[in-house]
There are 2 protein chains.
Amino acid sequence: MQKEKSLETTELRLAKMLKALGNPVRFEIMEMLANRQTCMTYEIVQSTPLAQSTVSQHLKVLREAGLVRGEVEGPATCYCLDPDGVRWLKDQIEGWLPDCCSGSPDA
Amino acid sequence: MQKEKSLETTELRLAKMLKALGNPVRFEIMEMLANRQTCMTYEIVQSTPLAQSTVSQHLKVLREAGLVRGEVEGPATCYCLDPDGVRWLKDQIEGWLPDCCSGSPDA
DNA sequence: TCCTTATATCGTAATTTTACGATATAACAA
DNA sequence: TTGTTATATCGTAAAATTACGATATAAGGA
């Protein structure tokens, strides 16, 4: 019944995630979180040549895309991948474009 | 401003694809090509409110990301998804972030 | 040949993104 | 309270993206 609206929302959410991942700095943050499971913000800042405010801005984009979660721990924040968001993204990409490109690699 | 150089080649290619897909116009072009198998450029132009030159620019981005192919047919060009590129993207996303968020939503 | 059609590229505004320093906030210690 | 630490947000330049109209190119047809 409510399929149309949710489809629209699905595409919006997917586009937002893809756009967030399309930036190389944010992409590297995602890989760092995948490797380390969790990171404090200052660790992420130290791993880049960027200003703290810039990294914080990128983290906000990733948060709003549903790709990472930040948990406040005292004065600091501990970030990790958002398992639900990442799995949802992988499922979407997997089921995307079903009419093509699903067979074996032809030369 | 940005440090794309530090990314590995595979990651660069993946980032380029994700960036290309992060634009809603290009995302819709991809979906149109998935639905119709092939499209002439003018059909894609007609499906949007944008100028022909703008659509041509978006197609160039998709081409350079390896997501679509354009084949010249007389004075026109016939576009289709690039099966190799799309499958590569799906495989990359599938194998990405292997330490988390993989498999079915188990308890 | 010239003319039409379809597309790509050029030049350039308008918009968006990115990055920075400065400042605000929030938790905790002395 | 004051001071420190860690992070977020604000204000604003610089850079990149997006979009347009104009023009170039390339294939056929008259």
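Check the entry above for the structure.
Quick caveat, the model's predicted, so the values are computed rather than measured.

**Considerations on the packing of helix α5 (residues 83–95) of chain A against helix α5 (residues 83–95) of chain B**
Move 1: Contact pair α5(A) / α5(B): the axes reach a minimum separation of 9 Å and the direction vectors enclose 155°. Considering the angle they form, α5(A) stands roughly antiparallel to α5(B). The crossing of α5(A) and α5(B) is left-handed. Counting all contacts with α5(A), which are made through K90(A), I93(A) and E94(A), the residues of α5(B) involved are K90(B), I93(B) and E94(B).

**Description of the environment of D84(A)**
Move 1: Turning to its location among the elements, D84(A) is positioned in helix α5.
Move 2: Sequence-wise, D84(A) and L67(A) are 17 residues apart; in three dimensions their C-alpha atoms are separated by 8.2 Å.

**Comments concerning the protein's contact with DNA strand D**
Move 1: Around DNA strand D lies a shell of 25 residues, among which Y42(A), Y79(A), K19(B), A51(B) and H58(B) are the nearest.
Move 2: Sugar plus phosphate, as a fraction of atoms of DNA strand D within 4 Å of the protein: 63%.
Move 3: The separation between a phosphate oxygen of DNA strand D and a polar main-chain atom of Y42(A) is 2.7 Å.
Move 4: Within the side chain of H58(B), an N or O atom sits 2.4 Å from a phosphate oxygen of DNA strand D.

**Observations concerning the pairing of strand β2 (residues 68–73) of chain B**
Move 1: In terms of strand pairing, β2(B) meets strand β3 (residues 76–81) of chain B through six bridges, oriented antiparallel. Pairing of V72(B) across the sheet is with T77(B), part of β3(B).

**So, the pairing of strand β3 (residues 76–81) of chain A**
Residue and element names in this part refer to chain A.
Move 1: Pairing of strand β1 (residues 38–40) with β3, which is carried by three bridges, proceeds in the antiparallel orientation. Of the residues in β3, the one forming a bridge with C39 is Y79.
Move 2: In this structure, the hairpin formed by strand β2 (residues 68–73) and β3 is closed by a connection of two residues, where G74 is found at a positive phi of approximately 65°.

Basis of the calculations
Residues numbered from 1 in each chain as written. Chains lettered and ligands numbered in written order. Predicted model: local features only at pLDDT ≥ 70, side-chain atom pairs only at ≥ 80, totals over all residues. Heavy atoms only, no water. Axes fitted to C-alpha atoms, helices over the stretch in contact; angles between N-to-C directions. Helix = DSSP H or I, 4+ residues; strand = E, 2+ residues; numbered from the N terminus. Parallel < 35°, antiparallel > 145°, perpendicular 65-115°, else oblique. Left-handed = near helix turned anticlockwise from the far one by under 90°. Contact = heavy atoms within 4.5 Å. Near = heavy atom within 4 Å. Polar contact = N/O pair within 3.5 Å; in protein donor to acceptor, adjacent residues only side chain to side chain. Pairing = 2+ DSSP bridges.

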